[in-house]
Protein chains: 2
Amino acid sequence: MTEKIAIIGSGNWGSAIAKVIGVNVRRYPELFDQEVRMWMFEEDYKGQKLSQIFNKTHENAKYLPGITIDDCVVAVTDVVESIKDATLLVFVTPHQFLKKTCQQIKPHLSPRARAISLIKGVDLNEDGVVLLSDIIKDNLGIDTSVLMGANIANEVAKGMFSEATIGSKDAKNAEMFVKVFDTPTFKCSWIDDVAGVEICGAIKNVVALAAGFCDGMKLPGNTKAAVLRIGLLEMRAFAQYFFSGVKTDTFFESCGLADLFVTCTEGRNRKCAEAFARGGKSFSQVEAELLNGQKLQGTGTAEEVYRILKKKKITQDFPLLTAVYEISFEGKPPRYLLEALANQKPKSKL
Amino acid sequence: MTEKIAIIGSGNWGSAIAKVIGVNVRRYPELFDQEVRMWMFEEDYKGQKLSQIFNKTHENAKYLPGITIDDCVVAVTDVVESIKDATLLVFVTPHQFLKKTCQQIKPHLSPRARAISLIKGVDLNEDGVVLLSDIIKDNLGIDTSVLMGANIANEVAKGMFSEATIGSKDAKNAEMFVKVFDTPTFKCSWIDDVAGVEICGAIKNVVALAAGFCDGMKLPGNTKAAVLRIGLLEMRAFAQYFFSGVKTDTFFESCGLADLFVTCTEGRNRKCAEAFARGGKSFSQVEAELLNGQKLQGTGTAEEVYRILKKKKITQDFPLLTAVYEISFEGKPPRYLLEALANQKPKSKL
């Protein structure tokens, strides 16, 4: 029995991953139904319907121009229709529509359906951390894996070598998702750790702010390397505090140190934090100047992470994450980052 | 009974670490004898003896100018005299003088003496890998720890925040060495893994060549992040193949991912590999142009590592280290690096 793939979402990342999926659907005709439906939120683009352009040209003219996607991928504007008979649901919707989308499709699911979430970010609520994959799992009642990593949509679409990490609790589903995503230029490994993989994608943006502070203060590479390293360990400690079964090896995967490396050398969180650390401007001003007023993900996450650490009375175990918040929002100077790290006791590991 | 420290070597790194040690000797007068002898190979500097300048000005005018070292540190030109009554031997000699120095001092050792090596690099011989710390241990018959990490002498001397990792098999000695080295701006942790810590310092330079190839080909950050990540895993696999007791946590320490991060973003191995990958020049030509004919450490290590991998018939388990050799010396094009990585099977970790 073949598997039928549905892609729920068709923005920049959704379209890039559709390109990858198209390759593997053709590569394994014995495994996959040769039609992949992709849910597309209908909108006008230069006087035409985006879905009609896509189904005629096999290109997402608005969100991933210049990339031709295999014609096995078909745009469908009704979300319920898009998942009809689908056994593998690939979620790439914006975070804020996730719950509603789940509620819409729930009554129409195939009994064989399993899901994978490619949505970066986590929800932080009063009591702790809510994984987006758990929102899918709990609302649909099906096994849900995640895929994260150091991979940027446009580069993946162009076939630039990159990697991804699949976090899954079910070996059979994980192996199937490796078939869906792994290509010679998009290497996927999998690990039995959903929470660890997913947490990496959110907390890395807070560490990227710390890296940007270092750049703004013109600190040398060794200091920045120390900040990255301590940041990665705090990411691990954070994941392990809130979830059981988080594995150390996860942080060696693409979702861990590789994604952190890129986020701390490129990326807008680093860039805005660098401008902030040069002094004289609040983050709102920096956002207005460098991002046309869009909000950074890192500062929002830093606030939410701090609130939870404070509530759990564990700020002292997370000096870097705590210092990023205090510098960003409580008027501490950027150099306080290093004071906070300097005051840690030497750690030993036997 | 107090401990007496001897610093064997007084180049750039030796002088920087003398600055750190001076701070801690004064900080813990109950622990440390208030005279630290530093062996200085005598040479003339601007018509004066370097050791006389040092003992008058407390500055190593030739190798670390501009930095004043605490006057508890005294330069001694006779190596045997320098270790008299010393219970903690800090080795920062050049690699090539190590064995001879050990033979000279062996008959004069204090019965309480233990050593720590700050010398980066390893010896690769016919049968495998020889740790420099084992050369000290075997020649002197005393417990020998190592200290490595993302730390550059001049930055450490100036008190820029950085970190170091102490690898030691003896908890008491490790804790004593943490007292010797750890300061608020030179944070030392320790781990029970001498070989893992020491191997990191050598193999990182081969990974830095791969990172430089990426830069020379103008590949995006995500590709370079993948190369770093795979490189770190091959460093771990290499250490674990040749030594028992190598720990995964070692590669999260400063000697592991932090030092790799700096070496792959700055550093001359990366820089020369970038120039090489742009094409048209051999590594000898690049070295002549960019390093005044000095030899790169990374290319030499790449050759020796390849020879051992080939002899042990395990090149297929180290596609990145192998590809770096083949690109550097066998005429394969730089893009072959990615072909070698693309052909790996997806890995799973349960």
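Residues numbered from 1 in each chain as written. Chains lettered and ligands numbered in written order. Predicted model: local features only at pLDDT ≥ 70, side-chain atom pairs only at ≥ 80, totals over all residues. Heavy atoms only, no water.

Going by what an unreviewed UniProt entry lists, chain A is known as Glycerol-3-phosphate dehydrogenase [NAD(+)] and is assigned to Planoprotostelium fungivorum. Per its UniProt entry, chain A bears the Catalytic activity (unreviewed entry) comment "sn-glycerol 3-phosphate + NAD(+) = dihydroxyacetone phosphate + NADH + H(+)". The Sequence similarities (unreviewed entry) field of the UniProt record for chain A holds the comment "Belongs to the NAD-dependent glycerol-3-phosphate dehydrogenase family." (UniProt positions renumbered as here; feature names shortened; annotations may be inferred.)

K.L.:
Is there a simple way to think about the packing of aromatic side chains in this case?
P.N.:
Given two aromatic rings, their pairing is described by the distance between the two centres and the angle made by the two planes. The tally for this structure, following the rule as stated, stands at 24 aromatic pairs over all chains. Seen from their ring centres, Tyr-306 of chain A and Tyr-325 of chain A are 3.9 Å apart, and the 10 degrees between their planes marks the pair as stacked. Taken together, the positions of Tyr-306 of chain A in helix H13 (residues 297-311) and Tyr-325 of chain A in helix H14 (residues 319-329) put the pair 19 residues apart, joining distant regions of the chain. Tyr-325 of chain A shares its class with Tyr-306 of chain A; the two are buried. Above the plane of the ring of Phe-252 of chain B lies Arg-236 of chain A, whose end atom (NZ or CZ) is 4.9 Å from the centre. (Phe/Tyr/Trp six-rings, centres within 6.5 Å; stacked < 30°, edge-to-face > 60°. Helix = DSSP H or I, 4+ residues; strand = E, 2+ residues; numbered from the N terminus. Buried < 20%, exposed > 50% of the residue type's maximum accessible area, 1.4 Å probe, protein only. Lys NZ or Arg CZ within 6 Å of the ring centre and 35° of its normal.)

K.L.:
Even after reading the chapter, I still don't get the side chain of Ser-10 of chain B, so can you show me in this structure?
P.N.:
With respect to the element layout, Ser-10 of chain B can be found in the loop between strand E1 (5-8) and helix H1 (12-27). Excluding its chain neighbours within four sequence positions, the residues that come into contact with Ser-10 of chain B are Ser-15, Met-38, Trp-39, Met-40, Phe-41, Asn-60 and Tyr-63 of chain B. (Contact = heavy atoms within 4.5 Å.)

K.L.:
It is not clear to me how the domain arrangement of chain A should be interpreted in this structure. Could you clarify?
P.N.:
In many analyses, interface size is given as the accessible surface area lost on bringing the parts together. Residue and element names in this part refer to chain A. The assigned domain composition of chain A is domain 1 (5-192) and domain 2 (196-342). One C-alpha centre belongs to domain 1, the other to domain 2; they are set 28 Å apart. In this assembly, 23 residues from domain 1 lie in contact with 26 residues from domain 2. Between domain 1 and domain 2, the buried area comes to about 2,100 Å², and carbon and sulfur atoms account for 61% of it. In terms of surface lost to domain 2, no three residues of domain 1 exceed Leu-124, Val-129 and Ile-191, which account for 27% of the buried area on that side. Applying the counting rule to domain 1 against domain 2 returns 2 salt bridges. Residue Lys-247 is joined to Asp-192 by a salt bridge in which the shortest nitrogen-to-oxygen separation is 3.9 Å. For the pair domain 1 and domain 2, the number of links is 8 residue pairs in polar contact (both at pLDDT 80 or more). Mapped by element, the contributors of at least two residues to the side of domain 1 that touches domain 2 are strand E8 (123-125), strand E9 (128-130), helix H5 (132-140), strand E10 (144-148), strand E11 (162-167) and strand E12 (186-191). For the side of domain 1 that touches domain 2, the leading source of residues is E11, giving 4 residues. (Domains from an automatic or database assignment. Buried area = accessible area lost by both parts, 1.4 Å probe. Salt bridge = Lys/Arg side-chain N within 4 Å of Asp/Glu carboxyl O. Polar contact = N/O pair within 3.5 Å; in protein donor to acceptor, adjacent residues only side chain to side chain.)

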